[in-house]
Amino acid sequence: MKLDTKHLRYLTTEDWRVLTAVEVGSKNHEVVPTPLIIQLSSLHSGSGAHKSISTLAKANLIARTKNAKYDGYRLTYGGLDYLSLHTHLKQKVVYSVGNQIGTGKESDIFVVASPAGVQHVLKIHRLGRISFRTVKANRDYLRHRSSASWMYMSRLAALKEYTFMRALRENGLRVPEPFACNRHTIVMELIDAFPLRQIREVPDPARLYAELIEMILKLAEFGLIHGDFNEFNILIKEEGITTTERRGLLTAEAEEPPKSMSGTYKLIPYLIDFPQMVSVDHANAKMYFDRDVDCIKKFFERRFHFTSDEPGPYFVDAKKRAQMASARRLDVEAEASGYSKKMAKELEKYMEEVGVDGDHGGIFVDEENSSSSSEESSTDNDNESAGHGSSKIKQTIDKFGNNVAVAQEAPDINSDDRKCPEPPGLAFTEKTEL
């Protein structure tokens, strides 16, 4: 759905209190009764609460359910977006919101700016987008958690991705740096790169293939399997190389550096999209590992006409390598940091019920910005990928700041359990602007 921030500047303190009250009531009610909303908002004037409810309903932040047995309202994705964005504003993580640069089956991606003017990426998880279309498939699951299942699952997906991104980043893997997480949203680094899906040719496919396979094995060393390792979730960044690096590449047998590092740049792969990541101890770990490897092999054969001479890698070898390396088990550390086994099982069950398997088939950009080859265009027109550094992003940055809204300060009645852990060393202040 579209993130429309035009109402944000007009919301009053009372409006924020009522909106937060609807969110709190949604924990135990699919439709929150109006008297309970007034009670949770702690507004002394009932007329003031009704006025705020009317304002929020007109802005589609809350909605009245048809044929309900009692008078009440439910929180919409727009309302949850506002609550999350308002928290990012209060914490000085986000100052302004730019254009949407990608839409996935289960997420939306926007360019945002920090108070210092640095561009970041805002990823909004929307797991309900698929589940609402497959009611029959997940009806039994929703019966067990009928109250705001989509909010809970979207929050779990964001928490899982944020937790693993921090752990991977701290251990030297190339992933976008996560800055903040709140409810179902993550603010992360904007990578000036193109999705592998949009790249038609590379100077040295063998070298890039080896780096990607090594990335899969490195994840396994840390006890993790990506589960959706393909051309849609790999970004390729061009980085300049120094004279010293070029000299280091020259050997006695070769007078020129490898093709992938010829000229003045080298290709650096970055990995994105982690909600479906699983542990190597998962019951289906071998299937996920083999699928990740197979996706890369098939893509390089199809796009770059490259086939590796070496078989594998195989899951058994990856587990042996992990045991010999004695590396940190990031799957265990993630559980200790707040993403528990119970949460993992609930999210996994939800994804299995509704058929969620990453966003690789649902992200798109404009056709004119795509670098796809003609033989694949008929198959992948609906599956274009929005890269963090594509021409779509450059257009977005050029337009940055045109629509700037201002949000009034809301009372701090957000409970801590709706917030993800904040990255260490990040200082926050209280002034709220957008």
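Quick caveat, the model's predicted, so the values are computed rather than measured. As a convention, each chain's residues are numbered from 1 in the sequence order in which they are written. Side-chain atom pairs in this predicted model are given and counted only at pLDDT of 80 or more, local residue features only at pLDDT of at least 70, and totals for whole chains, interfaces and linings cover all residues. Working from all heavy atoms in the structure, the side-chain values ignore hydrogens and water.

Quick word on the pattern of salt bridges
Once their charged atoms are close, side chains differing in charge can pair, the charge on each being opposite to the other.
Step number 1: Just to be clear on terms, a salt bridge is a Lys or Arg side-chain nitrogen sitting within 4 Å of an Asp or Glu carboxyl oxygen. Tallied over the entire structure, the rule returns 18 salt bridges.
Step number 2: In this structure, the salt-bridge partner of D108 is R126, at a minimum N-O distance of 2.6 Å. Taken as a pair, D108 in strand β5 (residues 107–113) and R126 in the loop between β6 (119–125) and α5 (128–131) lie far apart in primary sequence, 18 residues in all.
Step number 3: By relative accessible area, D108 is classed as buried at 0%.
Step number 4: Here R126 falls in the buried class, since its relative accessible area comes to 1%.
Step number 5: Of the charged contacts, one joins D273 and K123 as a salt bridge, the two residues approaching to 3.2 Å between their closest N and O atoms. You can see D273 sitting in the loop between β12 (265–271) and β13 (278–279) and its partner K123 sitting in strand β6, a full 150 residues away along the chain. Helix and strand labels come from DSSP, where a helix needs a run of H or I of at least four residues and a strand needs a run of E of at least two; each type is numbered from the N terminus. For every residue, the accessible area obtained with a 1.4 Å probe (protein chains only) is divided by the maximum for its type, and the residue is called buried under 20%, exposed over 50%, and partly exposed between those limits.

Thoughts on the packing of helix α1 (residues 13–25) against helix α3 (residues 46–58)
Step number 1: Comment: axis = line fitted to C-alpha atoms, over the contacting stretch for helices; angle = value between 0 and 180 degrees taken between N-to-C directions. Orientation of α1 relative to α3, taken along the N-to-C sense of each, is 80 degrees, at an axis distance of 9 Å. In terms of axis orientation, α1 runs roughly perpendicular to α3. Of α3, the residues touching α1 (which contributes E14, D15, V18 and L19) are A49, S52, I53, T55 and L56.
Step number 2: Under this grouping Gly is polar, as are all residues other than the nonpolar Ala, Val, Leu, Ile, Met, Phe, Trp, Tyr, Cys and Pro and the charged Asp, Glu, Lys and Arg. A breakdown of the residues in the contact of α1 with α3 according to their chemical character gives five nonpolar, two polar and two charged. Convention used here: angles under 35 degrees read as roughly parallel, angles over 145 as roughly antiparallel, angles from 65 to 115 as roughly perpendicular, and any remaining angle as oblique. Here, two residues are considered to be in contact whenever any of their heavy atoms come within 4.5 Å of each other.

Some thoughts on α1
Within an α-helix, residues lying three or four positions from one another point in the same direction, as the helix has 3.6 residues per turn.
Step number 1: For α1, with 13 residues, the first-to-last C-alpha span of 18 Å sits near the 18 Å given by 1.5 Å per residue.
Step number 2: All buried positions along α1 are accounted for by D15, W16, V18, L19, T20, A21, V22, E23 and G25.
Step number 3: Looking at the packing, one finds that the buried side of α1 touches β1 (32–33), α2 (34–41), α3, β2 (62–63), β3 (72–75) and α4 (77–90). Each helix should span, by expectation, one fewer than its residue count multiplied by 1.5 Å.

As for the packing of helix α8 (residues 205–221) against helix α10 (residues 285–303)
Step number 1: Put simply, α8 and α10 touch, their axes get as near as 11 Å, and they point 170 degrees apart. Between α8 and α10, the angle is such that the two are roughly antiparallel. The residues of α10 that touch α8, namely those facing P205, L208, Y209, L212, I213, I216, L217 and A220, are F289, D292, V293, I296, K297 and F300.
Step number 2: When grouped by side-chain class, the residues that make up the contact of α8 with α10 number 12 nonpolar, no polar and two charged.

Re the environment of T20
Step number 1: Looking at the secondary structure, you find T20 in helix α1.
Step number 2: Through-space distance from the C-alpha of T20 to that of L40 is 8.5 Å; in sequence the pair is 20 residues apart.

Quick word on the sheet that holds strand β8 (residues 185–189)
Step number 1: Any two strands are treated as partners once DSSP identifies two or more bridges connecting them. In spatial order, the strands read β4-β5-β6-β8-β7; together these five strands make up an open sheet with antiparallel pairing. A single partner strand is all that each edge strand has here, and the edge strands are β4 (96–103) and β7 (178–182). Direction aside, neighbouring strands of the sheet carry axes that sit 25 degrees apart on average.
Step number 2: Sheet topology note: the β4/β5 ladder contains five bridges and is antiparallel.

Brief notes about the confidence of the model for the protein chain
Reading fine detail from the predicted coordinates is not recommended where pLDDT is low.
Step number 1: Per-residue confidence from the predictor is reported as pLDDT, which spans 0 to 100. Per-residue pLDDT for the protein chain averages 76, and the proportion of residues at 70 or more is 68%.
Step number 2: Highest mean pLDDT in the protein chain belongs to β8 (97); lowest belongs to helix α15 (residues 391–398) (34).
Step number 3: In the predicted structure, residues 134–148 sits below a pLDDT of 50 and forms 22 contacts with residues beyond four places in sequence or in another chain.
Step number 4: Contacts of residues 360–433 to residues separated by more than four positions or lying in other chains number 198 contacts, the stretch itself having pLDDT below 50.

Here we look at the sheet that holds strand β11 (residues 234–240)
Two pairing modes exist for strands in a sheet, parallel and antiparallel, and in both the strands are linked by backbone hydrogen bonds.
Step number 1: Within the open sheet, the three strands sit side by side as β9-β11-β12. Their pairing is antiparallel. Sheet topology places β9 (194–195) and β12 at the edges, where each strand pairs with a single neighbour.
Step number 2: Strands β11 and β12 of the sheet are contacted by α8, whose axis makes an angle of about 30 degrees with β12.

Re the pairing of β7
Along a regular strand, successive side chains alternate from one face of the sheet to the other.
Step number 1: Of all five residues in β7, five are buried, a share of seventy percent or more.
Step number 2: Between the end of β7 and the start of β8, which pair antiparallel, lie two residues, with R183 showing a positive phi angle near 55 degrees.

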